[in-house]
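Single-letter residue listing:
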Amino acid sequence: MLKLNRVHHIAIICSDYEKSKHFYSEILGFKIIREVYREARNSYKLDLEVGKQYQVELFSFPEPPARPSRPEAAGLRHLAFEVDNIDDAVSHMHAVGVFVEPIRIDEFTGKRFTFFADPDGLPVEFYEK
């Protein structure tokens, strides 16, 4: 039987590298681990730490095509991050000018969650612990 230990990283290709770097590091508070410019690919790669557990990688490539988020289609749907208190998380996002959908309750777990979009319109979820 194959044994997978954990999710190692999540890779995101962004259309505006500086805007996404600011969003993920300053607004969401992910710690920058390293940033490299890869001249052969004309691309930046930014490694971000999330709660000392997972890593998000941001990539900049020249003129990447848009990835549709709506209507929902087959494939990876969204990123979800656990938060201790959803009200505090939503208040923070409102304070920095990010629109957040109304809080909903997961009908199976009874936990509260909400969605917002990153700078490229990719859906991101906060899910209460």
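Cut-offs applied
Residues numbered from 1 in each chain as written. Predicted model: local features only at pLDDT ≥ 70, side-chain atom pairs only at ≥ 80, totals over all residues. Heavy atoms only, no water. Helix = DSSP H or I, 4+ residues; strand = E, 2+ residues; numbered from the N terminus. Contact = heavy atoms within 4.5 Å. Lys, Arg positive; Asp, Glu negative; His and termini not counted. Charge placed at Lys NZ, Arg CZ, Asp CG, Glu CD. Buried < 20%, exposed > 50% of the residue type's maximum accessible area, 1.4 Å probe, protein only. Polar contact = N/O pair within 3.5 Å; in protein donor to acceptor, adjacent residues only side chain to side chain. Pairing = 2+ DSSP bridges. Axes fitted to C-alpha atoms, helices over the stretch in contact; angles between N-to-C directions. Phe/Tyr/Trp six-rings, centres within 6.5 Å; stacked < 30°, edge-to-face > 60°.

On to the overall build of the chain, then. Helix and strand counts for the chain stand at two helices and eight strands. Counting from the amino terminus, the chain carries its helices and strands in the arrangement β-α-β-β-β-β-α-β-β-β. Judged by the C-alpha coordinates and their principal axes, the chain covers about 50 × 45 × 30 Å. Once local pairs closer than 6 in sequence are excluded, the contacts in the chain between residues at least 24 apart make up 47%. Averaging the locations of the 17 positively and 21 negatively charged side chains of the chain gives two centres separated by 6 Å.

Moving on: the side chain of glutamine 55. Along the chain, glutamine 55 turns up in strand 4 (residues 54-60). Of the residues examined, glutamine 55 reaches a relative accessible area of 16% and is grouped as buried. Reaching out from glutamine 55, the side chain makes a polar contact with the side chain of aspartate 47 at a distance of 3.4 Å. Setting aside anything within four residues of it in sequence, one finds glutamine 55 in contact with His8, His9, Ile10, Ile33, Asp47 and Leu48.

Within the secondary structure layout, proline 62 lies in the loop between strand 4 and strand 5 (79-83). Given the relative accessible area of 48%, proline 62 is considered partly exposed. Note: C-alpha distance between proline 62 and serine 15 (47 residues apart in sequence) is 8.0 Å. If near-sequence neighbours (up to four positions away) are discounted, proline 62 is found in contact with Arg41 and Asn42.

Across the sheet, four strands lie side by side as 5-8-7-6; this open sheet has mixed pairing. Where the open sheet ends on each side, the last strands, each with one partner, are strand 5 and strand 6 (104-105). As defined by bridge partners, strand 6 adjoins strand 7 (residues 112-117) across two bridges and the pair is classed as antiparallel. By the bridge assignment for strand 7, arginine 104 is matched with phenylalanine 113. Most of the contacts of helix 2 (residues 86-95) go to strand 7, to which it runs at about 20 degrees, and overall it touches strand 5, strand 7 and strand 8 (123-128).

Attention shifts here to the sheet that holds strand 1 (residues 9-14). The strands that make up a sheet pair up through hydrogen bonds in the backbone, lying either parallel or antiparallel. Taken in spatial order, the four strands make up an open sheet running 1-4-3-2, and their pairing is mixed. Either end of the sheet is taken by a strand with one partner, and the two such strands are strand 1 and strand 2 (31-38). Put simply, the sheet's adjacent strands are angled 20 degrees from each other on average, direction ignored. As paired elements, strand 3 (residues 43-50) and strand 4 share six bridges and run antiparallel to each other. The residue bridging leucine 46 from the neighbouring strand is leucine 58, located in strand 4.

For the rest of this paragraph, the subject is the packing of aromatic side chains. Counted according to the given criterion, the structure contains 10 aromatic pairs. With a centroid separation of 6.0 Å and 40 degrees between ring planes, the pair formed by tyrosine 24 and phenylalanine 30 is classed as tilted. Its relative accessible area of 0% is what places tyrosine 24 among the buried residues. Ring geometry for phenylalanine 59 and phenylalanine 61: centres 5.8 Å apart, planes at 5 degrees, overall stacked. Residue classification places phenylalanine 59 among the buried residues on the basis of a relative accessible area of 11%. Residue classification places phenylalanine 61 among the partly exposed positions, given a relative accessible area of 28%. Taken together through their ring pairs, the aromatic side chains of Phe23, Tyr24, Phe30, Phe81, Phe116 and Phe126 make up a single cluster.

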